Amino acid sequence: MGRVVLVTGASRRLGGRLVRRLMRDPGVERVVAVDAVAPVHALGGAEFVRADIRRPAMARVLAQYRVDTVVHMDVTGTALGGGSRASVKESNVIGTMQLLGACQKSPGVRRLVVKSSTSVYGSAPHDPAVFTEATPVRSLPSGGFAKDAVEVEGYVRGFARRRPDVAVSVLRFANIVGPAADTPLGEYFSLPVLPTVFGYDPRLQFVHEDDVIDVLLLVADEERSGARGSGTFNVAGDGVLLLSQCARRLGRPTVPVLLPAVTWLGSALRTAGVTDFAPEQIRLLTHGRVVSTARMRETLGFSPAYSTPDAFEDFARGRGEGLLPPRTVGAVVDRLSSVAGRAAGPAAKRRAGFVEYDSGDGAGDRAGKERD
């Protein structure tokens, strides 16, 4: 008998990808895909159960299918079908409470994996340069998805104390990107012109959606991860990118805006339905956030295939060229440099330490370095 894995949030694109990968795993006997809305993508033959995790029905689902592994993917910052922020919070927090209550009552559940976010660390001017899983947070997020993630992790820690026989894993993902990433930050980077905070160029980290699926599969597999898969892990690609570097790779111009005006602009964009430019995102685009992934590598034994620059490069290719395509801008800069070099003439060369001399062999003037 193989494992029976239940995946919440299966109607989302990332959840659907995980379900299809699990269906190809020979060690998995059955995959139960759960969501409140029917998926628009194929689930690879998995059994879909239309259920709202905010309702007590999850206990019956766990018992009916004899689930032993639960992967909670339905912790997210965006709603399906244009739902409100209130519905997202209910799904994140109330849904997690109900799911954990059902898991607590189910004696067959042996493993719980929860998708979380590095946003639990917040973004503030006096933050440490690099967060570790043990770093005490100086200023907890005050709202939005970041606060939801903090509350969700609190309930998960309580569950772990009540059910010490269950292996509990919390994966704190950096900003997830990919060719078709559907996140608030992805919507921001899709704007034709990127508003930035005047005087700030924050450091950002990214994780590719392929690596997200791979690490979830690793942690959900008891044979592969074992006891070392229990605990909390930061998950991000190597390296960092400045916001200005991200803009250049996307070919999108930036418009620096004073911090007080950014809040007003974010509200206007959110009201217009252009993007969810929430306060937590404004803080990220002001102060940035970088986390250590040493525990992910040394304890969990996972190394992402994509670095932060590589992951963002793949994301940028999926977004198409912006108003300032990098290749076009580079070609223009090269031409301007060439023209400027020719216009400088001999005077500039002499200032740079070169002199013109005639070799006398009819080959014309040559440049030689002036000796001291």
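This text goes with the structure placed above it.
The paragraphs below set out a description of the structure included in this document. Not measured: the values here are computed from a predicted model. (Residues numbered from 1 in each chain as written. Predicted model: local features only at pLDDT ≥ 70, side-chain atom pairs only at ≥ 80, totals over all residues. Heavy atoms only, no water.)

Reading across the sheet, the seven strands line up as E3-E2-E1-E4-E5-E6-E11 and stay open at both edges, with parallel pairing between neighbours. Of all the strands in the sheet, the pair left with one neighbour each is strand E3 (47-50) and strand E11 (231-235). Adjacent strand axes in the sheet meet at a mean angle of 20°, parallel and antiparallel pairs treated alike. Of the strand pairs in this sheet, strand E1 (residues 3-8) and strand E2 (residues 28-35) are connected by six bridges, and their pairing is parallel. If you follow valine 5 over to E2, its bridge partner there is valine 31. (Pairing = 2+ DSSP bridges. Helix = DSSP H or I, 4+ residues; strand = E, 2+ residues; numbered from the N terminus. Axes fitted to C-alpha atoms, helices over the stretch in contact; angles between N-to-C directions.)

The next subject is empty space enclosed by the protein. Applying the stated rule across the entire model yields one cavity of 30 Å³ or more. One number sums up the size of the largest cavity: a volume of about 50 Å³. Every residue along the wall of the largest cavity is listed here: Thr118, Ala174, Asn175, Gln205, Leu284, Arg289, Val290 and Val291. The residue makeup of the lining of the largest cavity, split by class, is four nonpolar, three polar and one charged. (1 Å grid on protein atoms, 1.4 Å probe; cavity = no way out; pocket = protein on both sides within 12 Å on 5 of 7 lines; lining within 4 Å. Points joined across faces, edges and corners; volume = space filled by probe spheres on them. Nonpolar A, V, L, I, M, F, W, Y, C, P; charged D, E, K, R; others polar.)

For the structure on display, the rule yields seven aromatic pairs. A ring pair is formed by tyrosine 121 and phenylalanine 131, whose centres lie 4.7 Å apart and whose planes are at 20°; its orientation type is stacked. Residue tyrosine 121 is located in the loop between strand E5 (111-117) and helix H4 (144-162), and its partner phenylalanine 131 is located in the loop between E5 and H4; the two are separated by ten residues in the primary sequence. On the numbers, 5.0 Å between centres and 40° between planes, the contact of phenylalanine 206 with phenylalanine 312 is tilted. With phenylalanine 206 in strand E10 (residues 206-208) and phenylalanine 312 in helix H12 (residues 308-319), this residue pair connects regions lying 106 residues apart in the sequence. Judged by relative accessible area, which is 0%, phenylalanine 206 ranks as buried. In textbook terms, an aromatic cluster arises when at least three aromatic residues are bridged by ring pairs, as seen for Tyr188, Phe189, Phe206, Phe312 and Phe315. Across the ring face of phenylalanine 233, the terminal group of arginine 295 is positioned such that the distance to the ring centre comes to 4.5 Å. (Phe/Tyr/Trp six-rings, centres within 6.5 Å; stacked < 30°, edge-to-face > 60°. Buried < 20%, exposed > 50% of the residue type's maximum accessible area, 1.4 Å probe, protein only. Lys NZ or Arg CZ within 6 Å of the ring centre and 35° of its normal.)

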